[in-house]
Structure formats: C-alpha cells, structure tokens
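Spelled out, the chains give:
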Amino acid sequence: MSLIHVKYKHSLNPEETRKRVEEIAKDLKKEYKINYAWKGDRLLFKRAGAAGNLDLGDGFIELKIKLGVVLAPLKGKIEKTVKQNIAAEMSGKKGTKLA
C-alpha cells in the first residue's frame with residue numbers, strides 16, 4: 001500500500017473552506033465514483049483501490065490517501081494531479097484544474 005500526504009495552507013474562513021472542499025468531493029464523486037461522507041471537520045472518502053480523509057484545519061487542509069496495489073504505481077501522477085486540483089479549487093481558479 002502506498003500513501004499520499006498533502007498539506008495545503010490557505011487564508012479562507014472555515015465556511016468557505018468547507019464549501020470548496022465539498023466541491024472537490026462532488027467532482028471526485030462524479031468523475032471517479034468516489035463515495036464520501038463528513039464526520040465533523042473530516043471528509044472520509046473511498047473507492048475501489050483508494051481510501052482516505054481530508055481534514056479541515058485552521059488555515060490549512062490536510063489530505064491523506066491510501067492507494068491499493070493496482071493504483072500504487074500511479075502514485076506520482078495521482079499526487080501531482082491532486083495537488084494541482086486542490087490548489088485550483090482553494091485559490092478560486094477551478095477552471096484550471098486537471099481531471
């Protein structure tokens with residue numbers, strides 16, 4: 001099993017942060033059939049071959065994804081895309097994200 005860990009700092013208020021993370025989750029559900037649920041300030045998600053959580057902190061979000069055997073060889077590509085998509089959504093430049 002392979003682990004992706006991303007921490008992204010931002011200056012958004014908690015409500016706007018949660019709203020933007022929810023948009024990320026909706027996009028992932030639509031594009032990759034990822035199931036997700038909120039548990040307090042933690043977004044839990046899962047799909048075949050991957051599972052993880054995204055925590056809302058004070059001025060940051062922290063993402064951890066565990067990749068299964070099939071997706072592990074794609075870790076570098078997945079991590080790069082995740083970082084770009086988080087940066088695009090959290091900065092308000094959603095149109096620049098990569099699918």
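Above this text you will find the structure in question.
Per chain, residue numbering runs from 1 following the sequence as it is written. Totals for whole chains, interfaces and linings use all residues, but because this is a predicted model, local features are given only for residues with pLDDT of at least 70 and pairs of side-chain atoms are given and counted only at 80 or more. Each side-chain value is worked out from all heavy atoms of the structure, with water and hydrogens disregarded.

Undergrad: Just give me the short version of the overall build of the protein, but keep the residues and values in it.
TA: Per the convention used, a helix needs a DSSP run of H or I reaching at least four residues, while a strand needs a run of E reaching at least two, with both numbered from the N terminus. Scanning the protein from terminus to terminus reveals two helices and five strands. Along its sequence from the N terminus, the protein presents helices and strands in the succession β-α-β-β-β-β-α. Radius of gyration means the value over C-alpha atoms here, while the globule rule gives 2.2 Å times the residue count to the 0.38 power. Compactness check: the protein gives a C-alpha radius of gyration of 13 Å against a globular reference of 13 Å for 99 residues, within 12% of the reference. Overall, the protein is about 35 × 30 × 25 Å in size when its C-alpha atoms are taken along their principal axes. Contact between two residues is taken to exist if any of their heavy atoms lie within 4.5 Å; hydrogens are not considered. At a minimum sequence separation of 6, the contacts of the protein that also span at least 24 residues come to 45%. Only the protein chains shown count as cover for residues, and all accessible areas are computed by the Shrake-Rupley method using a 1.4 Å probe. Of the roughly 6,400 Å² of accessible surface on the protein, a fraction of 56% belongs to carbon and sulfur atoms. Across the protein, the mean location of the 22 positive side-chain charges is 7 Å away from that of the 12 negative side-chain charges. When charges are counted, Lys and Arg contribute as positive and Asp and Glu as negative, whereas His and the chain ends are disregarded. Where a charge sits is defined by one atom per residue type, namely NZ (Lys), CZ (Arg), CG (Asp) or CD (Glu).

Undergrad: Tell me about the nonpolar core, residues and numbers included.
TA: One recurring pattern in soluble globular proteins is that nonpolar side chains are buried together. One finds Val21, Leu54, Ile61, Leu63, Ile65 and Ile86 to be the most contacted residues of the largest nonpolar core, which totals 19 residues. Contributions of two or more residues to this core are made by strand 1 (2-9), helix 1 (14-32), strand 3 (42-47), strand 4 (50-57), strand 5 (60-67) and helix 2 (75-91). Here this core takes four residues from strand 5, the largest share from any one element. Among all residues touching Leu54, those that are not within four sequence positions of it are Val21, Asp41, Arg42, Leu43, Phe45, Ile61, Glu62 and Leu63. To form a nonpolar core, buried Ala, Val, Leu, Ile, Met, Phe, Trp, Tyr and Cys residues must be joined to one another through side-chain atoms within 4.5 Å. The cut-offs for exposure are 20% and 50% of the maximum accessible area for each residue type, with area from a 1.4 Å probe on protein chains only; residues under the lower value are buried, those over the upper are exposed, and the others partly exposed.

Undergrad: So what about the sheet that holds strand 2 (residues 35-39)? Which residues, and what values?
TA: Strands pair, by our definition, only if DSSP identifies at least two bridges between them. In spatial order, the strands read 1-5-4-3-2; together these five strands make up an open sheet with antiparallel pairing. Whereas interior strands pair on both sides, the edge strands pair on one side only; in this sheet they are strand 1 and strand 2. Strand-to-strand, the axes of this sheet are offset by a mean angle of 15 degrees, without reference to chain direction. Where strand 2 lies against strand 3, five bridges are found, and the strand directions are antiparallel. Simply put, an axis is a line fit to the C-alpha atoms, just over the touching stretch for a helix, and the angle between two N-to-C directions goes from 0 to 180 degrees.

Undergrad: Any chance you could break down the packing of aromatic side chains for me, citing the residues and the numbers?
TA: Aromatic rings from Phe, Tyr and Trp, taking only the six-membered ring of Trp, are treated as a pair when their centres fall within 6.5 Å; an angle between ring planes under 30 degrees marks them as stacked, one over 60 as edge-to-face, and anything in between as tilted. Evaluated as defined, the whole model comprises zero aromatic pairs. Above the face of the Trp38 ring, Arg18 is positioned so that its terminal group lies 3.9 Å from the ring centre. Cation placement over rings: the criterion is NZ of Lys or CZ of Arg within 6 Å of the ring centroid and within 35° of the ring normal.

Undergrad: Any details on the packing of helix 1 against helix 2? Residues and values, ideally.
TA: Two elements in contact, helix 1 and helix 2, have axes separated by 9 Å at closest approach and are oriented at 135 degrees. For the element pair helix 1 / helix 2, the angle class is oblique. In the crossing of helix 1 with helix 2, the sense of the turn from one axis to the other is right-handed. Facing helix 1, whose interface residues are Thr17, Arg20, Val21, Glu23, Ile24 and Asp27, helix 2 presents Ile86, Glu89, Met90 and Ser91. Throughout, the ten residues Ala, Val, Leu, Ile, Met, Phe, Trp, Tyr, Cys and Pro are labelled nonpolar, Asp, Glu, Lys and Arg are labelled charged, and all others, Gly among them, are labelled polar. Partitioning the contact of helix 1 with helix 2 into residue classes produces four nonpolar, two polar and four charged. Relative orientations are named as follows: roughly parallel for angles under 35 degrees, roughly antiparallel for angles over 145 degrees, roughly perpendicular for angles from 65 to 115 degrees, and oblique for any other angle. Two helices cross in a left-handed way if the nearer one is turned anticlockwise from the farther one by less than a right angle. They cross in a right-handed way if the turn is clockwise.

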